[in-house]
Amino acid sequence: MRRFLVFIFLILTVISVQAATQTKHESPYDQNLKSTSGDWWLNWGVGGGLGNHTSGVATLWGFNYQLHDDQIISARMSGLYTTPHFGQIHPIGGYLLTPLLTHGDNGYIGDTDVMYGYIKHWGKAIVTAQAGLGYVQWRANNGPDGAIGATHSTVGVPFESQLFWSYNHDKGIGIIFFGNLNTQDPYAALALALHFGHLY
């Protein structure tokens, strides 16, 4: 729940930046210069990832806003969960598709982040690269005696690169390479993602 509230706060912060940016570009001269700024989109993805202590299914939710023709700000909530297919002993079951919750006593790492970076359009293809600061929580798998590991938290450096094709102005599909660098359980993941919003 704490990560979810942080995520909502970050989205509201990005929306506030969006409103301030739009106000800043009210003059006709600035509007003529503004070709692609103001685009925004939500993305959701699922894939797989590897971490220092956690490996398995990776998921993410994100909100992105294009500040200028080549700059982007993003809020993201992502997670990496252990699965039996990666040598673990418990499935993640019904929580496969959401980074908001963890399942039972599985090991996991989840982060809630705000990032800044660059974006490039090639026709209907869009590429981004961003990094920032994030709040990270992680928990180890059960021990041999069945004891549930403690949940820990720290800060980390999230990173992300999106590559997707927008087949119309409000929908797209692509891949997202993402992860988090921290001192406890850094990870990297690759996900197939859907994108919804004002893409161009």
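Residues numbered from 1 in each chain as written. Predicted model: local features only at pLDDT ≥ 70, side-chain atom pairs only at ≥ 80, totals over all residues. Heavy atoms only, no water.

Concerning the pairing of strand β4 (residues 108-122)
Examined bridge by bridge, strand β3 (residues 71-82) and β4 share 11 bridges and lie antiparallel to one another. Along β4, the bridge assignment pairs Ala75 with Val114. One ladder, built from 15 bridges, connects β4 with strand β5 (residues 125-139); its direction is antiparallel. When the bridges of β5 are listed, Asp111 appears paired with Val136. With antiparallel pairing between neighbouring strands as the criterion, β4 and β5 make up a hairpin whose turn holds 2 residues, including Gly123 at a positive phi of roughly 65°. (Pairing = 2+ DSSP bridges. Helix = DSSP H or I, 4+ residues; strand = E, 2+ residues; numbered from the N terminus.)

What to know about a nonpolar patch on the surface
A contiguous nonpolar patch, built from Trp40, Leu42, Leu163, Trp165, Tyr167, Ile173, Ile175, Phe177, Leu190, Leu192, Leu194 and Phe196 and spanning about 1,100 Å² of accessible area, is present on the exposed surface. Taken together, the elements giving at least two residues each to the nonpolar patch come down to β1 (40-51), β6 (151-168), β7 (171-181) and β8 (187-198). Residue classification places Trp165 among the partly exposed residues on the basis of a relative accessible area of 46%. (Patch = residues over 30% accessible without salt bridge, like charges linked within 9 Å, V, L, I, M, F, W, Y side chains within 5 Å. Areas by Shrake-Rupley, 256 points an atom, 1.4 Å probe, with all protein chains shown as cover. Salt bridge = Lys/Arg side-chain N within 4 Å of Asp/Glu carboxyl O. Buried < 20%, exposed > 50% of the residue type's maximum accessible area, 1.4 Å probe, protein only.)

Comments concerning the pattern of salt bridges
A complete count under the given rule lists 4 salt bridges for this structure. For the salt bridge of Arg76 with Asp111, the shortest nitrogen-to-oxygen distance reads 2.9 Å. Placement of the pair is Arg76 in strand β3 and Asp111 in strand β4, with a sequence separation of 35 residues. Across this residue pair, the class does not change: Arg76 and Asp111 are buried. For Asp113, the salt bridge is made with Arg76, and the minimal N-O distance between the two is 3.0 Å. Linking Asp113 in strand β4 with Arg76 in strand β3, this pair joins segments that are 37 residues apart in sequence. Assigned by exposure class, Asp113 and Arg76 land together as buried. Each of Arg76, Asp111, Asp113 and Glu160 takes part in salt bridges that share partners, so that together they form one network.

Side note on the environment of Lys124
In this fold, Lys124 is placed in the loop between β4 and β5. Note on Lys124: relative accessible area 36%, which makes it partly exposed.

Quick word on the nonpolar core
Listed in full, the 12 residues of the largest apolar core are Ala58, Leu60, Leu80, Ile109, Val136, Trp138, Ile176, Phe178, Tyr187, Ala189, Ala191 and Ala193. Looking at this core, the elements with two or more residues in it are β2 (55-68), β5, β7 and β8. Top element by residues in this core is β8. It accounts for 4 residues. Contacts of Leu80, omitting those with residues within four sequence positions, involve Gly49, Leu50, Gly51, Thr54, Gly56, Val57, Ala58, Gly107, Tyr108, Ile109 and Tyr187. Counting residues in hydrophobic clusters, the runner-up holds 6 residues, among them Ile72, Ile119, Ile126 and Leu199. (Core = buried A, V, L, I, M, F, W, Y, C linked by side-chain atoms within 4.5 Å. Contact = heavy atoms within 4.5 Å.)

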